[in-house]
Amino acid sequence: MASVPKPHSGAARQDLYRRIEKHNFAPLWEVYHELIPDQPMTPCKPAIWKWADARPYLMEAGALITAKEALRRVLVLQNPGMRGEACITQSLFAGYQLILPGEIAPSHRHTQSALRFVLEGSGAYTAVDGERTTMHPGDFIITPSWTWHDHGHEGSEPVVWLDGLDVRIVRTFAAQFHEPFPEEVQPVSRGEGASLARYGNNLKPLGAVAPFGKTSPIFSYPYGRSRETLARLAKEGDPDPCHGWKMEFINPLTGGHAMPTIAAFIQLIPKGFRTQPYRSTDGTVYSVVEGSGRVTVAGESFDFGPRDTFVAPSWMPLSIEADAECVLFSFSDLPAQDALGLWREKRA
Ligand code: 1HN
């Protein structure tokens, strides 16, 4: 008759594990709490990447390898808790991409979605499915999944932007595809600004079919418009205790997230304001656009200034203190979690 087993010696258990392993079995009970923790568990750490450290290394890389040879000349922002894994949060890639005057980063497409947030310099362009957009600091630019894209530079100063990609999300599903375009540069088929004119003025063409599927049909959100909105908002009412004035970049055809896997935000925190601690399950990458202050993530504090990047991993409380009026760009995997019914947040 079967009965409740008596606690057994470790040696007998180890012996069982050794034998079943040969048949591709393993005991769940040895890893249960690691698989199903009581609350979010991640090797990612809070961290900051100082622009003053990054810029000289980028310029050094610029002298050592061309954009063409590198395909993309990017310094990866490695989370110090996940070195070697090319990620800044558990799900997202971030890097600084440099393009020099006269260079071309050759055309290709992949199923990974990308965003660009311009940090320094003007005159470079990125082309998406036949349309170019000139990059200016503070512009938020999208490369939708499986669209041809190349970058070029006809200006006179180095241009650097922050890349954000859903590489690890796509890898989780083993749904990666990549294809080079047959030529270095794709042909231009629409004038600059065509997408913004069609979809970016609270109007849409009759019978409009989403040109990029689940991704916003606007692929460049110029900083001037975002900044003006924040300035105007800050004259009305009170800032949110956790966020200041925070806005999400949307897909104008749906009112939802601009990308299916990554959400992007721009926020203003007034001078002297200290945000209440806030946590959410979407580990979030912040790029400082204007101002300076201090961020505290899970008890660790970092001073920040323009073009610094910092990260708040999943579920770690974040609070920001603005010494001067601050504008912060940020992005996270919120839409992916939202689609799967996983996203949670908590205010202090
Ligand atoms: C990529 O294709 C680009 O197209 C940038 O500019 C960064 C990081 C990882 C994988 C692919 C680009 C990337 C990337």
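Scroll up to find the structure this text is about.
Values in this document were obtained by computation on a predicted structure and should not be read as measured data. Residue numbers restart at each chain and count upward from 1, following the sequence in its written direction. Where local features are concerned, this predicted model is filtered to residues with pLDDT of at least 70; where side-chain atom pairs are given and counted, the filter is 80 or more; whole-chain, interface and lining totals use all residues. Side-chain descriptors were evaluated using all non-hydrogen atoms of the structure, hydrogens and water having been removed beforehand.

## Considerations on the pattern of salt bridges
Argument step 1. Should a side-chain nitrogen of Lys or Arg be within 4 Å of a carboxyl oxygen of Asp or Glu, the pair is scored as a salt bridge. Tallying each qualifying case throughout the model produces 19 salt bridges.
Argument step 2. For D15, the salt bridge identified is with R18, shortest N-O distance 3.7 Å. Residue D15 and its partner R18 are both found in helix α1 (residues 10-21); the two are separated by three residues, about one turn of the helix.
Argument step 3. Burial status follows relative accessibility: with a 1.4 Å probe on protein chains alone, a residue under 20% of its type maximum counts as buried, one over 50% as exposed, and anything between as partly exposed. According to the relative accessible area criterion, D15 is partly exposed, its value standing at 33%.
Argument step 4. On the basis of relative accessible area, R18 is assigned to the exposed category, the value being 51%.
Argument step 5. Taking the shortest distance from any N to any O, the salt bridge between E236 and R232 comes out at 2.9 Å. Only runs of H or I of at least four residues qualify as helices and only runs of E of at least two qualify as strands under DSSP, and these elements are numbered from the N terminus.

## Details of the sheet that holds strand β9 (residues 149-153)
Argument step 1. For two strands to be treated as a pair, DSSP must find no fewer than two bridges joining them. Strand order in the open sheet made by the five strands is β7-β6-β9-β4-β11, with antiparallel pairing throughout. Both outer strands of the open sheet, β7 (131-134) and β11 (178-180), are each paired with one neighbouring strand and no more. Sheet twist, expressed as the mean angle between neighbouring strand axes with direction ignored, is 25 degrees.
Argument step 2. Sheet analysis places strand β6 (residues 124-128) next to β7, joined by four bridges and oriented antiparallel. Within the sheet, the bridge partner assigned to Y125 lies in β7 and is T134. Axis definition: a line fitted to C-alpha atoms, limited for helices to the stretch in contact. Angles are taken between N-to-C directions and run from 0 to 180 degrees.

## A closer look at helix α7 (residues 223-233)
Argument step 1. Every buried residue of α7 is listed here: Y223, S226, R227 and L230. Projected down its long axis, α7 carries its buried residues within an arc of 95 degrees, all on one side. Opposite its buried face, α7 presents the exposed residues G224 and E228, each directed more than 90 degrees away. The arc refers to the directions leading from the helix axis to the C-beta atoms.

## Let's talk about the site of the ligand
Argument step 1. Proximity criterion: a residue is near a molecule or strand once any of its heavy atoms comes within 4 Å of it. Taken together, the residues surrounding the ligand are R72, F93, Q97, H108, H110, R116, H149, H151, D163 and L165.
Argument step 2. Polar contact is defined as a pair of N or O atoms within 3.5 Å, subject to the rule that within protein one atom must be able to donate a hydrogen and the other to accept it, and that residues adjacent in sequence are counted only when both atoms are side-chain atoms. One of the side-chain N or O atoms of R116 is found 2.9 Å from an oxygen atom in the ligand.
Argument step 3. To measure how exposed things are, a 1.4 Å probe is used in the Shrake-Rupley method; for residues, cover is taken only from the protein chains shown. Summarising the interface, the protein chains cover 81% of the accessible area of the ligand, which totals 330 Å² for the free molecule.
Argument step 4. Residue assignment for the shell around the ligand shows that the elements contributing at least two residues are β3 (93-99), β4 (104-110), β9 and β10 (159-165).

## So, the sheet that holds strand β1 (residues 47-49)
Argument step 1. In space, the six strands of this open sheet follow the order β1-β19-β16-β21-β14-β13, with antiparallel pairing throughout. Strand pairing shows two members of the sheet lacking a second neighbour, β1 and β13 (245-248), which therefore form its edges. Taken pair by pair, the neighbouring strands of this sheet meet at an average axis angle of 25 degrees, ignoring direction.
Argument step 2. Strand contacts of α7: β13, β14 (263-269), β16 (284-290) and β21 (326-332), with the helix running at about 45 degrees to β14, the strand carrying the most contacts. Contacts between residues were defined by any pair of non-hydrogen atoms, one from each residue, lying within 4.5 Å.

## Some points on the environment of G138
Argument step 1. Residue position: G138 is located in the loop between β7 and β8 (140-143).
Argument step 2. Spatially, the C-alpha atom of G138 lies 12 Å from that of S330, the residues being 192 residues apart in sequence.
Argument step 3. Every residue in contact with G138, bar those within four places of it in the chain, is listed here: F117, V118 and Y223.

## Description of the pairing of β8
Argument step 1. Across the two faces of β8 the burial is the same, with F140 and I142 and I141 and T143 all buried.
Argument step 2. Across four bridges, the pairing between strand β5 (residues 114-120) and β8 is antiparallel. Bridge pairing in β8 links A114 to T143.
Argument step 3. Bridging between β8 and strand β12 (residues 220-221) involves two bridges; their strand directions are antiparallel. The residue bridging F140 from the neighbouring strand is Y221, located in β12.

## Considerations on the packing of aromatic side chains
For any pair of aromatic rings, geometry is given as the distance between the ring centres together with the angle between the planes.
Argument step 1. A pair of aromatic rings is counted whenever rings of Phe, Tyr or Trp (Trp by its six-membered ring) have centres within 6.5 Å, and the orientation is called stacked for planes under 30 degrees apart, edge-to-face for over 60 and tilted otherwise. Within this structure, the stated rule accounts for twelve aromatic pairs.
Argument step 2. Taking the centre distance of 5.6 Å and the plane angle of 85 degrees together, the rings of W51 and Y96 count as edge-to-face. Of this pair, W51 sits in helix α3 (residues 51-64) while Y96 sits in strand β3; the two residues are 45 residues apart in sequence, bridging distant segments of the chain.
Argument step 3. Judged by its relative accessible area of 8%, W51 falls in the buried class.
Argument step 4. What makes Y96 buried here is its relative accessible area of 2%.
Argument step 5. On the basis of an interplanar angle of 40 degrees and a centroid distance of 5.7 Å, the ring pair of F140 and F329 is categorised as tilted. One end of the pair, F140, is in strand β8; the other, F329, is in strand β21, and 189 residues separate them in sequence.

Remember, this is a structural readout, not a statement about activity or role.
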